[in-house]
Each structure stands twice: as structure tokens, then as C-alpha cells.
Amino acid sequence: MSSAPHAPRLARSELNFFAESGLDRASEKRKDQGWIRAQLFERGSCIVPVWRERCLVTAGEPRAVFLSSAEHWSVFETREPPTFLGLAGETAYFAFDLSHLEGGSEGADLAGQLAHGAAFLDLRTLSTRIDRNQGGLLAYASGMMTWHRRHRFCGACGAPTESRDAGFMRACTNETCGLQQFPRTDPAVIMLVTHGDRCLLGRSHRFPLPFYSTLAGFVEPGETLEHAVAREVFEEAGVRVQNVRYHSSQPWPFPTSLMLGFYADAESLEIIFDREELVDCRWFERRWLIEKTAGPPDDSFRLPRAISIARRLLDDWLVAAA
Ligand SMILES: [Zn+2]
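Quick look at the structure, then. This structure is a prediction, so every number in the text was calculated from the model and none was measured.

Conventions adopted
Residues numbered from 1 in each chain as written. Predicted model: local features only at pLDDT ≥ 70, side-chain atom pairs only at ≥ 80, totals over all residues. Heavy atoms only, no water. Helix = DSSP H or I, 4+ residues; strand = E, 2+ residues; numbered from the N terminus. Rg over C-alpha atoms; globule rule 2.2 N^0.38 Å. Buried < 20%, exposed > 50% of the residue type's maximum accessible area, 1.4 Å probe, protein only. Contact = heavy atoms within 4.5 Å. Pairing = 2+ DSSP bridges. Axes fitted to C-alpha atoms, helices over the stretch in contact; angles between N-to-C directions. Core = buried A, V, L, I, M, F, W, Y, C linked by side-chain atoms within 4.5 Å. Salt bridge = Lys/Arg side-chain N within 4 Å of Asp/Glu carboxyl O.

### Structural notes on the overall build of the protein chain
Then, number 1: Scanning the protein chain for helices and strands turns up eight helices and 15 strands.
Then, number 2: Compactness check: the protein chain gives a C-alpha radius of gyration of 22 Å against a globular reference of 20 Å for 322 residues, within 12% of the reference.
Then, number 3: Seen along its three principal axes, the alpha-carbon backbone of the protein chain occupies a region of about 60 × 50 × 45 Å.
Then, number 4: Looking at the protein chain as a whole, 49% of its 322 residues qualify as buried.
Then, number 5: Residue pairs in contact within the protein chain that sit at least 24 positions apart in sequence constitute 65% of those at least 6 positions apart.

Structural data, given as C-alpha cells:
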């Protein structure tokens, strides 16, 4: 695995799934309403449909399905204009939220109307079989649409808000208030805690299968990333850590997270885990994990999906320690 010597951290993050959309965001164009509107009606422009945090992909080998304003204008005309995501070469990409439409079970009826054989998928269940740029593009579109859907009213005065700047700002329509809101991203720390040749993994109540992962949690106001790492590990596992080191970041807009990956050293092996959060939390030997990851899939022990930064933190540690 190579990384550019001049930008090792950037290169490490670029390797994470959902990190690349292949777009130039062209943020300088967002206030140019004439240009944005012209792009929207350009024949080759692509509109990413999002339905309740799901994105439209072809069945089987997953590929993103795009709509065009020419073909699907009746879908767009009564709603707020699509959000401008950026440019890939000359092609403009937009996102549009279809959540107001009844979609049938998991959006199947709506998906069928929009494109034969397509389905609305939860991106977290995507495998790395989808093109990396398409995965990143869909995640970006989904995150933007979720933000719009959840900020339709002003948090200060309760009046309706409206989309501005090609979808990158929502302004309160109450003139005496005028609050402006911008797309939000919630920082979350995710960390692999190690002690010599062992690493700490926990199993959450949320997963029926024995799925073990790194610990994680949201950063709180007034807290550094390092403090957030130490607090979350102590809250969840009762383990004190030191030497917190940044690894890489991963956009995880499901609905609004940015995952910030770290390694940390445990001060001791004693675990007192939070039984409300976790079913189990324990130390795993490096050698045992290497054998497990090399072997066939095993329903008695699951590790995080290949698209997750949790898996990258673990895999990079296994390789570095080997
Ligand atoms: Zn307001």
C-alpha cells in the first residue's frame, strides 16, 4: 500500500471508502444562479435521487442510477430545486430528495418507476463492489439531502427555511430572524485501542450476529479529539488510554457523521465494560485475528465491513504489527 510522501495523511484518508466522489465541488459557482440553472437543464447533467437516506442503484452489480431534468421534470418542478454537488469534467451533478413520495416497501415501487430493475439501497450495506467514486458521490448526495430534510424550519424562531446557494445554505424566511444554516457534519472519534499484541474490540447490542468492532463515539462541545477518544474508551470499556494518534478520516453521512480514526495505547488490560452499550468487550490476540481474517467467513465471529474505517484501523494494525 503506497502513500504519497508529501501528503501521507491525506493519502491515508483517500483510501477510505466514501472518501472520493470524483467531483470538483466548484463551490465558487454556488451563488451564480444563472449558471446553476443552465447546468440543471443541460442534457448531460446527472441528478442523484435520494429517498429517505437510500440511493438508487442497479440490482446485481451495483451502479448508481442518475435522473435527468429533461426526462423527469415533473418530479422536480413543484419542489425546491436540486442541490448542486459539483462537476466531473463538463458534467454537472445534482442531488434531489424524493422522500415526500410514497415509495412502497423500502422504496421498491418508486425505484421501479424511475428505472427498470433498480432499487433504493442503504449505502451502509454496500460492498466495495461499487465503484469507489460512485460510492462517495452517493454518500455525499445522501448526506446533503438528509440535512435539507431535517432543517426545514428555523431552530431559532421556528419559521420555515428555504434553500439558497445551490443547496448549501438554508435561510430563515422570517425577516426579523434571517438565521442562516449550513450543511452540518458531526465529528465522531473511532479508535483501535491496543496493548502490545492485543487489541480491544466490543460487541454492540445493536447487532444480532457476534460482530466485534472498534469503540466509537461523538465528540462533545468543548472537547479535543484526544479527550473524546480517552473519554469514550473509559465510558465504554473502563480502560484508560494514552498516546492517542490520528490515523485518517472517513465521511460517514448516515446521517451526518465524519469519522476520525485513531490508535491509542491502553494503560492496563483490566476491562469494566458498559453493559448498556455492549454485550461483550475483550482483548483479541493479533495472531488469532490474522488467522480469522485469512480464513473463510465465520458466523461465530464477524469483523466490520471492508468499507468501514473500523476495518481499516484493524487491518493496518495487523499488517504493521506482523
Ligand atoms: Zn428564524
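More follows now that the structure is in view.
### Observations regarding the sheet that holds strand 4 (residues 91–97)
Then, number 1: The mixed open sheet is built from five strands, whose spatial order is 3-4-1-2-5. Edge strands, defined here as strands with exactly one partner in the open sheet, are strand 3 (83–88) and strand 5 (118–122). Averaged over all pairs of adjacent strands, the angle between their axes in this sheet comes to 35 degrees, without regard to strand direction.
Then, number 2: In terms of strand pairing, strand 1 (residues 46–51) meets strand 4 through five bridges, oriented parallel. Residue Ile 47 lies in a different strand from strand 4, and its bridge partner there is Phe 94.

### A few points about the sheet that holds strand 7 (residues 169–172)
Then, number 1: The three strands are arranged 6-7-8 in an open sheet whose pairing can be described as antiparallel. Strands with a single pairing partner mark the edges of an open sheet, and in this sheet they are strand 6 (161–164) and strand 8 (180–181).
Then, number 2: Direction of pairing for strand 7 relative to strand 8: antiparallel, over a ladder of two bridges. Residue pairing across strands places Ala 171 opposite Gln 180, the latter belonging to strand 8.

### Quick notes on the nonpolar core
Then, number 1: Counting 44 residues, the largest nonpolar core has Leu 85 and Leu 289 as its most contacted members.
Then, number 2: Listed by contribution, the elements that provide at least two residues to this core are strand 1, strand 2 (54–58), strand 4, helix 5 (132–150), strand 9 (186–195), strand 10 (198–204), strand 14 (257–266) and helix 8 (309–321).
Then, number 3: Broken down by element, this core gets its largest block of residues, seven residues, from helix 5.
Then, number 4: Setting aside anything within four residues of it in sequence, one finds Leu 85 in contact with Leu 23, Arg 25, Val 48, Tyr 93, Phe 94, Ala 95, Leu 137, Tyr 140, Ala 141 and Met 144.
Then, number 5: Counting residues in each nonpolar core, the second largest holds 23 residues, with Leu 87, Leu 114, Ala 118 and Phe 120 among its members.

### Describing the pattern of salt bridges
Then, number 1: Overall, the coordinates contain 21 salt bridges when judged by the stated rule.
Then, number 2: Arg 231 is the partner of Glu 235 in a salt bridge, and the nearest nitrogen-oxygen pair spans 3.2 Å. On the criterion of helical spacing, the pair formed by Glu 235 and Arg 231 is a turn pair, its members being four residues apart in helix 6 (residues 225–237).
Then, number 3: A relative accessible area of 42% means that Glu 235 is categorised as partly exposed.
Then, number 4: On the accessibility criterion, Arg 231 (17% relative accessible area) is buried.
Then, number 5: Notably, a salt bridge pairs Asp 299 with Arg 302, separated by 2.5 Å at the nearest N-O pair.
Then, number 6: Shared partners join several salt bridges into a network, and the residues in it are Glu 220, Glu 223, Arg 231, Glu 232 and Glu 235.

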